[in-house]
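Chain residues, written in single-letter form:
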Amino acid sequence: MSRLMEYKGYYSNPMYSAEDNIFWGKLEGIADSISFEGTTVDEIYTAFIEAVDDYLDICGKNNMVPKVPFPGRLEIEIEPDMHKQLLIYASNRDVSLNQAVEAALKNLLTA
């Protein structure tokens, strides 16, 4: 079972707030902050679609290029010693730090 929703190449992983009794979500993988909410599963899905359509419409009306989901940049925080170990690992294999991390992530996702 997955909570991940997709529409026109945009994604969201909505959450439920028992405190507020609502579902809420945001568009994942883009720099812009676009959120939406609903009180039922059907409402949150409809709100997600409307959020994507509104975002694309606003971009079009303002001659802006919509942000591409998941542009390939991933910023993570790791322990300094692990950062050093990764750099040494990459250097010993004559690859960049990005190449070493990408290879490790590919291995994780195909395991």
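Look above for the structure.
Because the structure is predicted, anything quoted here is derived from the model rather than measured. (Residues numbered from 1 in each chain as written. Predicted model: local features only at pLDDT ≥ 70, side-chain atom pairs only at ≥ 80, totals over all residues. Heavy atoms only, no water.)

**Some words on the overall build of the protein chain**
To keep it simple, the criterion reads: Strands here mean DSSP runs of E at least two residues long; helices mean DSSP runs of H or I at least four residues long; both are numbered from the N terminus. Radius of gyration here uses only the C-alpha atoms, and the compact-globule reference equals 2.2 Å multiplied by the residue count raised to the power 0.38. To sort residues, take the accessible area from a 1.4 Å probe on protein chains only and compare it with the maximum for the residue type: under 20% means buried, over 50% means exposed, and anything in between is partly exposed.
Summing up its helical and strand segments, the protein chain has three helices and five strands in all. Its helices and strands taken in sequence order, the protein chain reads β-β-β-β-β-α-α-α from the N to the C terminus. In terms of overall size, the protein chain is more extended than a compact globule, its C-alpha atoms giving a radius of gyration of 19 Å where 111 residues would be expected to give roughly 13 Å. Projecting the C-alpha coordinates of the protein chain onto the three principal axes gives extents of approximately 50 × 40 × 25 Å. Within the protein chain, the proportion of its 111 residues that are buried is 21%.

**Looking at unusual backbone geometry**
What is expected of a backbone is that most residues other than glycine have negative phi and most peptide bonds are trans. For Asn63, which is not a glycine, the phi torsion comes out positive at approximately 50°. The backbone of Phe70 shows a phi angle near 55°, a positive value even though the residue is not glycine. Here Phe70 shows up in the loop between α1 (41-61) and α2 (80-92).

**Quick notes on α2**
Where we set the bar: Given a helix with a known number of residues, its expected span is that number minus one, times 1.5 Å.
The first and last C-alpha atoms of α2 sit 18 Å apart over 13 residues, in line with the 18 Å expected at 1.5 Å per residue. Once α2 finishes, Asp94 follows within two positions and takes phi at roughly 55°, a positive value.

**Some thoughts on the pattern of salt bridges**
Here is the rule: What counts as a salt bridge is simple: a side-chain nitrogen of Lys or Arg found within 4 Å of a carboxyl oxygen of Asp or Glu.
All told, the structure shown has six salt bridges when counted by the stated rule. When the shortest N-O distance is used, the salt bridge between Asp57 and Lys61 registers 3.2 Å. Pair noted here: Asp57 and Lys61 are both in helix α1, with a separation of four residues, about one helical turn. Taking the relative accessible area as the measure of exposure, Lys61 reaches 63% and is therefore exposed.

**Some thoughts on the nonpolar core**
For clarity, the threshold we go by: Here, nonpolar core refers to any group of buried Ala, Val, Leu, Ile, Met, Phe, Trp, Tyr and Cys residues whose side-chain atoms link them within 4.5 Å. Any two residues whose heavy atoms approach within 4.5 Å are treated as being in contact.
Judged by nonpolar contacts, the single largest core of 14 residues is most densely connected at Leu27, Phe36 and Phe48. Listing elements by their share of this core, those giving two or more residues are β1 (5-7) and α1. Ranked by residues supplied to this core, first place goes to α1 with seven residues. Every residue in contact with Leu27, bar those within four places of it in the chain, is listed here: Tyr10, Tyr11, Ile34, Phe36, Phe48 and Val52.

**A word on the environment of Phe70**
Note: C-alpha distance between Phe70 and Glu102 (32 residues apart in sequence) is 14 Å. Look past the residues within four positions of Phe70 in its chain and what remains in contact with it is Tyr11, Glu28 and Gly29.

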